[in-house]
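# Inside the fold
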Amino acid sequence: MIDTVYEVMKLMMSVPSKTKKVKERSENNSWTQKERTMGTESIEDDEQLRRMKLEVALEVKSLRRIISAYLNYPEAAEEAVKRNERSFERLPPAHKALLCHLPSKFQKLRWCIPKNSFFIFEMLKMFEPPLDMSQDIDICEHELQSDVSDSHLLPGQRNLGPSELPSEDGRVPLLKTDGPNLGDVICRFPKEMRNEQSTETNAGSCGIGLEYKGDEGCPNNEATCSALGCTGNVMSSPPDWLDPSLQLHVPLVDVDKVRCIIRNIVRDWASEGQKERDQCYKPILEELQNLFPHRSKESPPTCLVPGAGLGRLALEISCLGFICQGNEFSYYMMICSSFILNHAQTAEEWTIYPWIHSNCNSLSDNDQLRPVAIPDIHPATAGTTEGFSMCGGDFVEVYSDPNQVGAWDAVVTCFFLDTAHNIVQYIDIISRILKDGGVWINLGPLLYHFADMYGQEDEMSVELSLEDVKKVALHYGFEFEQSSTIETTYTTNPRSMMQNQYHAAFWSMRKRMKNV
C-alpha cells in the first residue's frame, strides 16, 4: 500500500549573485572592450534581479488574492442570504403569508455557510505557500503592468475584469498568475503520510460541528458569523500568512470561483458525483486498460493528465497501475486538491453544502439544503502506483522543456483542450512529449475559454471546429484508434431542473512510429 500525499514544495527563485562591479574609468576616460562587456553584464544582471523581484511580488499579490477569495466566502454567502431576505420583506403581506416558510429557509441557509467555511479554513491552514506571503508587495501598479505583463503572463493565464463570471460549464476561469510560474512548484507524492492534522471537530459558537437535522437542528447563528470569527476548531493554530492584515479586498467574481471549486469537489470527491465520473472518467479508464492490457509492476507505463483539477482522474489512473502525473495551473484547484489528497484521514471526513448558493431550478428546499460527505474514498489507501505526482504550472511552459520530449506512454486530456489560447500548440506539445507509439486519449467539448474575452488586453484565442482539431492531430503524427461522442454533464447538480448536457468528443489516438 502506498500512502498518497500532495506536497507543495517551496518556490526556488534563481536570484543572480551580486552584480559585477565595473572598473573605474582610465585616465583618458575610456573603457576597454572587456570593461564595456562587464558593464553591460552588470546592467543586465541588475535588470534581471529587478524584474524577478517584480515577478515574485506579483505572484505573492495574486496568491493573496486567491486566498482572500476563499476567506471572503462566508461574508459573500451571508450577503446573498441577506439579499434574499430583503426581497422577501418587499412582498405584500398576502404574498408573505403564502411564503411564511422562507424565513426559516434563510436561517437554514445561514446555518450551512459556516459548515462550508469550516472546510475552507481547515484547507487553508494546511496549505503551504510556495512564496513568502509576508513580504512587502507595495509596488506601483503601472510598474508591475509595464515590466511584467509581457514576459510574465503565461499561455492559459487571464486578467479578469470585475464583470466577468465563472465559465458557464462550472470550470474555474484562470486569474492573472492564477498558478505557479514555469512549473517551479512541483508536487510529489511521497510514501509517508503526514499525520500532524487533528481530525477532531468542535462545534464552537457557530455550530460548525453540528449535523443539520431539520428545523430543530439548525442553530440561529449571528448574521455575520464567519470562519475567522468562530471559536471552534476552525480557529486552531492558523498560520501567520493568514493574518487578516495580509488579506486583500477582492471582487465577488473571485468568490464565485470558490463556489465553482465547491461544485468541483462534488464531481471529483463525493458519492453524488459518481454518475458524472462514470460519464467522463470511466470511458477513459476503460480505454487505458484496453490499450495497455499488460502493465508491468516493475516498469509501469507513464501517463500525464494535464488540467488535472482536483486530482481524482489522475488518482484513478494511478490505481490502474500507471505512473501518473497530474498537471494543474489554477491555485484555486491546487489548494483544494492538496488538502484532500494530503490530509484526508478517513472517507467522508467532511460535510459540505454545495448547492446552497443557487435558488434556481430547485425541486425542493430540502434538495438545495442537502449535505454532501467528502471524500467518498480515502485517497491515501486507494492503491495508487508508486510515482503518483502532481505538477503545478502552466502546461505549455512546463512540458515544452526538452527533457519532456518522448517521456510519456500516454497523455489523457479531459475537459482540457479548450482551455488553450492556441489549441494547435497544445496538440504539438502532446505529440512531442509522447513516445513513438504512445497514446493520446481525449474527452471534452470545445467551449473555448478565451473566445469571449473583451477587455483592454487582446487575448489570443484560436477557436477550431472539431473537424479542424482532428486534422491538426493528424498533421502532428497521430492516427485514430477510435472516435465517438459521449453525453456528459459538468459539475451539475443532479437534482436540478436544468441539466447542461455536452456531446463531448471522445477519442484515442496513437502517435505514429518513426521510420527506422
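These numbers were taken from a predicted model, which means no experiment stands behind them.

Cut-offs and rules
- Residues numbered from 1 in each chain as written.
- Predicted model: local features only at pLDDT ≥ 70, side-chain atom pairs only at ≥ 80, totals over all residues.
- Heavy atoms only, no water.
- Buried < 20%, exposed > 50% of the residue type's maximum accessible area, 1.4 Å probe, protein only.
- Helix = DSSP H or I, 4+ residues; strand = E, 2+ residues; numbered from the N terminus.
- Pairing = 2+ DSSP bridges.
- Right-handed = clockwise from strand over helix to strand, strands pointing away.
- Salt bridge = Lys/Arg side-chain N within 4 Å of Asp/Glu carboxyl O.
- Expected span 1.5 Å × (residues − 1).
- Disulfide = S-S within 2.5 Å.
- Axes fitted to C-alpha atoms, helices over the stretch in contact; angles between N-to-C directions.
- Parallel < 35°, antiparallel > 145°, perpendicular 65-115°, else oblique.
- Contact = heavy atoms within 4.5 Å.
- Core = buried A, V, L, I, M, F, W, Y, C linked by side-chain atoms within 4.5 Å.
- Phe/Tyr/Trp six-rings, centres within 6.5 Å; stacked < 30°, edge-to-face > 60°.

## Observations concerning the pairing of strand β4 (residues 323-328)
Counted residue by residue, β4 has 5 buried out of 6 residues, so it is predominantly covered. Pairing geometry for strand β3 (residues 302-306) and β4, over 5 bridges, is parallel. What sits directly across from T302, in β4, is I323. In the classification by handedness, the crossover that spans β3, the intervening helix α8 (residues 312-319) and the parallel β4 is right-handed.

## Quick look at the pattern of salt bridges
A side chain with one charge can pair with a side chain of the opposite charge if their charged atoms come near. One pass over the structure, following the stated rule, counts 20 salt bridges. In this structure, the salt-bridge partner of R50 is E47, at a minimum N-O distance of 3.0 Å. Of this pair, R50 and E47 both sit in helix α1 (residues 33-71), 3 residues apart, which is roughly one turn of that helix. Classification of R50 by relative accessible area gives partly exposed; the value is 30%. Relative accessible area serves as the criterion here: at 32%, E47 is assigned to the partly exposed category. In this structure, D254 engages K257 in a salt bridge whose closest nitrogen and oxygen atoms are separated by 3.1 Å. Taken together, the positions of D254 and K257, both in helix α6 (residues 252-269) and 3 residues apart, correspond to about one turn of that helix. You can call D254 buried: its relative accessible area is 0%.

## Considerations on α6
Spanning 18 residues, α6 covers 26 Å between terminal C-alpha atoms, matching the ideal 26 Å at 1.5 Å per step. Most of α6 is tucked away: 16 of the 18 residues are buried.

## A short note on the state of the cysteines
Enumeration according to the criterion identifies 0 disulfides in this entry. The structure places no disulfide on C303, whose sulfur is separated from the nearest cysteine sulfur, that of C324, by 4.7 Å. Residue classification places C303 among the buried positions, given a relative accessible area of 0%.

## Some thoughts on unusual backbone geometry
The residue after I374, namely P375, is reached through a cis peptide bond having omega -15°. You can see P375 is positioned in the loop between β6 (372-374) and β7 (389-392). For E348, which is not glycine, the phi torsion reads 55° and is therefore positive. Here E348 falls in the partly exposed class, since its relative accessible area comes to 47%. Phi is positive for N361, which is not a glycine, with a value near 60°. Positionally, N361 belongs in the loop between β5 (350-352) and α10 (365-368).

## Considering the packing of α6 against helix α7 (residues 274-291)
Relative orientation of the contacting elements α6 and α7 amounts to 70°, with a least axis distance of 8 Å. One finds that α6 runs roughly perpendicular with respect to α7. Contacts between α6 and α7 involve V266, R267, D268 and W269 from the first element and E276, R277, C280 and Y281 from the second.

## Thoughts on the nonpolar core
Counting 89 residues, the largest nonpolar core has I67, Y70, F119, I265 and I317 as the members making the most contacts within it. When residues in this core are grouped by element, the largest group, 13 residues, is from helix α4 (residues 102-126). In contact with Y70, not counting residues within four places along its chain, are I120, M123, L124, V258, I261, Y332, I335 and C336. Counting residues in hydrophobic clusters, the runner-up holds 28 residues, among them V396, Y426, F478 and A505.

## A word on the packing of aromatic side chains
Aromatic ring pairs are described here by two measures, namely the spacing of the ring centres and the angle between the planes. Applying the stated criterion across every chain yields a total of 17 aromatic pairs. On the numbers, 5.6 Å between centres and 35° between planes, the contact of F395 with Y399 is tilted. Note that F395 and Y399 are positioned in helix α11 (residues 395-399) at a spacing of 4 residues, about one turn of the helix. For F395, a relative accessible area of 2% puts it in the buried group. A ring pair is formed by W440 and F478, whose centres lie 5.2 Å apart and whose planes are at 55°; its orientation type is tilted.

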